[in-house]
Amino acid sequence: MRVLIVEDDVALRHSLAGNLRAAGFTVDEAATAAEGEYFAGEFAVQVALVDLGLPDRSGIDLVRRLRAAGRRFPILILTAREHWQDKVTGLNAGADDYVVKPCHPDELKARINALLRRAAGQARDGRGRGQPMV
Ligand code: CA
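Residues numbered from 1 in each chain as written. Predicted model: local features only at pLDDT ≥ 70, side-chain atom pairs only at ≥ 80, totals over all residues. Heavy atoms only, no water.

S.K.: Help me out: how do you make sense of the packing of helix H1 (residues 10–22) against helix H5 (residues 105–125) in this one?
M.R.: When two helices pack together, their arrangement is given by the angle between the helix axes and the distance between those axes. Interhelical geometry of H1 versus H5 gives an angle of 65 degrees and a closest axis separation of 11 Å. Between H1 and H5 lies a crossing of right-handed hand. From H1, Leu16, Asn19 and Leu20 reach across to H5, where they touch Pro105, Leu108, Lys109 and Ile112. Tallied by class, the residues present in the contact of H1 with H5 amount to 5 nonpolar, 1 polar and 1 charged. (Axes fitted to C-alpha atoms, helices over the stretch in contact; angles between N-to-C directions. Helix = DSSP H or I, 4+ residues; strand = E, 2+ residues; numbered from the N terminus. Left-handed = near helix turned anticlockwise from the far one by under 90°. Contact = heavy atoms within 4.5 Å. Nonpolar A, V, L, I, M, F, W, Y, C, P; charged D, E, K, R; others polar.)

See the structure below:
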């Protein structure tokens, strides 16, 4: 499974990437929204982790641009902000889930796996995004 991490905090990004690699994921690391957008276009990304506070533009904007470009992989927002408004804005922009940093690596892996299961189920059933699962 290929994971794209878009996070400008180097220590956090390396720690996340290390944890995911140890769990068997292939990890692409981007420090800016522009880099993230580039990797999403170049590699067969299956799930993305996107920080909201990026140096060049907001993570929300990146999520919108990825969706506008037709990228359908699940996106999980990483945010240090506990404000519920950020979560709502992120989900409305096209993200599938979010975690508030700092988050335990096991919780992050469980959420990623849940998103991947859901994405695989949608592909198998031929159901489009945004349609209710029930
Ligand atoms: Ca940040």
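S.K.: What am I meant to see in the side chain of Lys87 here?
M.R.: Structurally, Lys87 can be placed in helix H4 (residues 84–92). Taking the relative accessible area as the measure of exposure, Lys87 reaches 19% and is therefore buried. (Buried < 20%, exposed > 50% of the residue type's maximum accessible area, 1.4 Å probe, protein only.)

S.K.: What exactly am I supposed to notice about the nonpolar core here?
M.R.: Grouped burial of nonpolar side chains is what soluble globular proteins tend to show. Leu4, Val6, Val50, Leu62, Phe73 and Ile75 are the most contacted members of the largest nonpolar core, which totals 20 residues. When contributions to this core are tallied by element, the ones reaching two or more residues are strand S1 (2–6), helix H2 (33–42), strand S3 (47–51), helix H3 (59–68) and strand S4 (75–79). Setting aside anything within four residues of it in sequence, one finds Ile75 in contact with Ala48, Val50, Val63, Leu66, Arg67, Ala95, Asp96 and Asp97. Of all hydrophobic cores here, the second largest spans 16 residues; its members include Val3, Leu16, Leu20 and Leu76. (Core = buried A, V, L, I, M, F, W, Y, C linked by side-chain atoms within 4.5 Å.)

S.K.: Is there a simple way to think about the pairing of S4 in this case?
M.R.: Residues in a regular strand point their side chains to alternate faces of the sheet. Of all the 5 residues making up S4, 5 are buried; the element is thus mostly covered by neighbouring parts of the structure. Strand direction decides the pairing type here: S3 and S4, joined by 4 bridges, are parallel. Within S4, the position partnered with Asp51 by the bridge is Leu78. Taken together, S3, H3 and S4 constitute a β-α-β crossover, and its handedness is right-handed. With 4 bridges connecting them, S4 and strand S5 (residues 97–100) associate as parallel partners. (Pairing = 2+ DSSP bridges. Right-handed = clockwise from strand over helix to strand, strands pointing away.)

S.K.: Which parts of the structure should I look at to understand the pattern of salt bridges?
M.R.: Under the criterion given, the structure shown has 12 salt bridges. In this structure, the salt-bridge partner of Asp28 is Arg2, at a minimum N-O distance of 2.8 Å. Taken as a pair, Asp28 in strand S2 (residues 26–30) and Arg2 in strand S1 lie far apart in primary sequence, 26 residues in all. Given the relative accessible area of 8%, Asp28 is considered buried. Here Arg57 and Glu37 are joined by a salt bridge, their closest N and O atoms 3.0 Å apart. With Arg57 in the loop between S3 and H3 and Glu37 in helix H2, this residue pair connects regions lying 20 residues apart in the sequence. Residue Arg57 is classed as partly exposed on the basis of its relative accessible area, which comes to 22%. Linked by salt bridges that have partners in common, Glu37, Arg57, Asp61 and Arg65 make up one network. (Salt bridge = Lys/Arg side-chain N within 4 Å of Asp/Glu carboxyl O.)

S.K.: Looking at this structure, I do not really get a negative patch on the surface. What am I missing?
M.R.: Taken together, the side chains of Asp8, Asp9, Glu35 and Asp56 define an acidic patch exposed on the protein surface. Within the secondary structure, Asp56 is located in the loop between S3 and H3. (Patch = residues over 30% accessible without salt bridge, like charges linked within 9 Å, V, L, I, M, F, W, Y side chains within 5 Å. Areas by Shrake-Rupley, 256 points an atom, 1.4 Å probe, with all protein chains shown as cover. Lys, Arg positive; Asp, Glu negative; His and termini not counted. Charge placed at Lys NZ, Arg CZ, Asp CG, Glu CD.)

S.K.: Help me out: how do you make sense of the packing of aromatic side chains in this one?
M.R.: Centre-to-centre distance and the angle between the planes together describe a pair of aromatic rings. Inspection of every chain in the model, using the stated rule, returns 2 aromatic pairs. When the centroid spacing of 5.9 Å and the interplanar angle of 55 degrees are considered together, the rings of Tyr38 and Phe39 count as tilted. Clustering of aromatic rings is evident, with ring pairs tying together Tyr38, Phe39 and Phe43. (Phe/Tyr/Trp six-rings, centres within 6.5 Å; stacked < 30°, edge-to-face > 60°.)

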